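Given next are the chains, with one letter for each unit.
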Amino acid sequence: MNGPFVDTVVLRDAARRGPWQLAFPAELEAEYQSSTSEARRQWVRLSVFVALSTVLGFAVIDHWVLARPPSPIADSIRFGLQLPVVLIALGLTTRRFFARFYLPAITLAAPLFGIGTVVMAASAPPDQTALITLRILLAAFYFYFMLGLGWRRALGVNAVMLAAYAGAALAGYIEPRAAAYSLFVLLCANLIGGAGAYALERANRAAFLEKRRLAESATRDGLTGLLNRAAVDERMDALYEQAVRERVPLGVVLVDIDHFKAFNDRYGHPAGDQCLRVVASTVRHAARRRPLDLVGRYGGEELVAVLYGATHEHAETVAREIVVAVARLQMPHAASPTCTHVTASVGAAVDMPADGVPLARLVERADGALYAAKSAGRNRHAVAASVTPLAAARARSAS
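Let me sum up the structure you'll find in this document.

Cut-offs and rules
Residues numbered from 1 in each chain as written. Predicted model: local features only at pLDDT ≥ 70, side-chain atom pairs only at ≥ 80, totals over all residues. Heavy atoms only, no water. Pairing = 2+ DSSP bridges. Helix = DSSP H or I, 4+ residues; strand = E, 2+ residues; numbered from the N terminus. Axes fitted to C-alpha atoms, helices over the stretch in contact; angles between N-to-C directions. Patch = residues over 30% accessible without salt bridge, like charges linked within 9 Å, V, L, I, M, F, W, Y side chains within 5 Å. Areas by Shrake-Rupley, 256 points an atom, 1.4 Å probe, with all protein chains shown as cover. Salt bridge = Lys/Arg side-chain N within 4 Å of Asp/Glu carboxyl O. Core = buried A, V, L, I, M, F, W, Y, C linked by side-chain atoms within 4.5 Å. Buried < 20%, exposed > 50% of the residue type's maximum accessible area, 1.4 Å probe, protein only. Contact = heavy atoms within 4.5 Å.

Before going further, it helps to spend a moment on the sheet that holds strand 1 (residues 250–257). Spatially, 2-3-1-4-5 is the arrangement adopted by the five strands of the open sheet, whose pairing is mixed. Looking at the sheet topology across the chains shown, the edges are occupied by strand 2 (294–299) and strand 5 (381–383). Across the sheet, the axes of successive neighbouring strands diverge by a mean angle of 20°, strand direction being ignored. By the bridge criterion, seven bridges tie strand 1 to strand 3 (residues 302–308) in an arrangement that is antiparallel.

This part is about a nonpolar patch on the surface. A surface patch of nonpolar side chains, amounting to about 450 Å² of accessible area, comprises Val 60, Ile 61, Trp 64 and Val 65. The residue Ile 61 is located in helix 2 (residues 26–64) in this model.

If you look at the biggest cluster of nonpolar residues, it comprises 44 residues, and the most contacted ones within it are Phe 143, Leu 147 and Leu 149. When residues of this core are traced back to their parent elements, those giving at least two are helix 2, helix 3 (72–92), helix 4 (98–123), helix 5 (129–145), helix 6 (151–170) and helix 7 (176–219). Sort the elements by how many residues they give to this core and helix 4 lands first, with 10 residues. In contact with Leu 149, not counting residues within four places along its chain, are Leu 103, Ile 106, Thr 107, Ala 110, Phe 143, Ala 154 and Val 157. With 31 residues, the next largest nonpolar core counts Ala 286, Leu 303, Ala 315 and Val 350 among its residues.

Pasting the structure below:
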């Protein structure tokens, strides 16, 4: 997936929400809207074409099929309000305008369209009122299922249209018995349409969430919950390419739990797994501070953090805080020659990525810093000196 990666905790929070809660947490909601935008746009564009043919179709039926032609008010609404609204909506379903302008515009335009339909029914001859009222029924279902409004907005639009019809009835523009019957039918239609729209939106969101959780589980390490090695490599490559395009530095931080094999031998593998889980969570909280930062399990007891746009100072701060945070856990480690509790060694490197220079160079420099931290006695951090950008390394190798 492209863009920021939603955390597993966010996915679990979304899954725990109540049965009537449609919206996801903000980060996941943004991803849902982004991932469904194009499919929604195509469906809405088709739906607006349907609306255009319907408006023009009713113009033909009203003039040539009904026994009496429609009132001038009806034609004024049809060609002065409804047809322009449909044409504007059609223009806003292009890729250029849809994401930014369509939803705000249609949220305003849809109630106007509905009120226009009510006015057409109220101004119709008494023998045609019931026929024109059927269009309100069509509009109600159209707003629920065709315009991409979402359940809540569609409910609001239909509430405005229903209130307008009730107001016309109270003002005496519609015969009382016909108005009462039509209002009951419209209320039932909104109950059915609203329930159906809610169920459809909930099913779509549930399908997205399940797909997202399956994708997440395929990229997560089963023990720590961090990104697994394959996902780390894939996303690190993507971040590296992005850093080249945007000309920003990239930092790599490697974390190794000191004397982890001795810990396993002394306390057993279940305790070792728990130790790794706790340290992984600690590293994640210490390192992942920006949306594009990532933390993963690099192999065995080694963890990795990639810091997008990091300066040398920022990478050193993160490395130092990881060492301190792991030590503060105070997990006993009687088999460690370094300390009486679990500690970690951390190596970091920061460089400005360049075309043609492999990411492996940056990882090697971080690994060299990690080796230096271990050689200096462990339970400490080291940061590779940022002497030259990677582009200089390419120049030296070429010479």
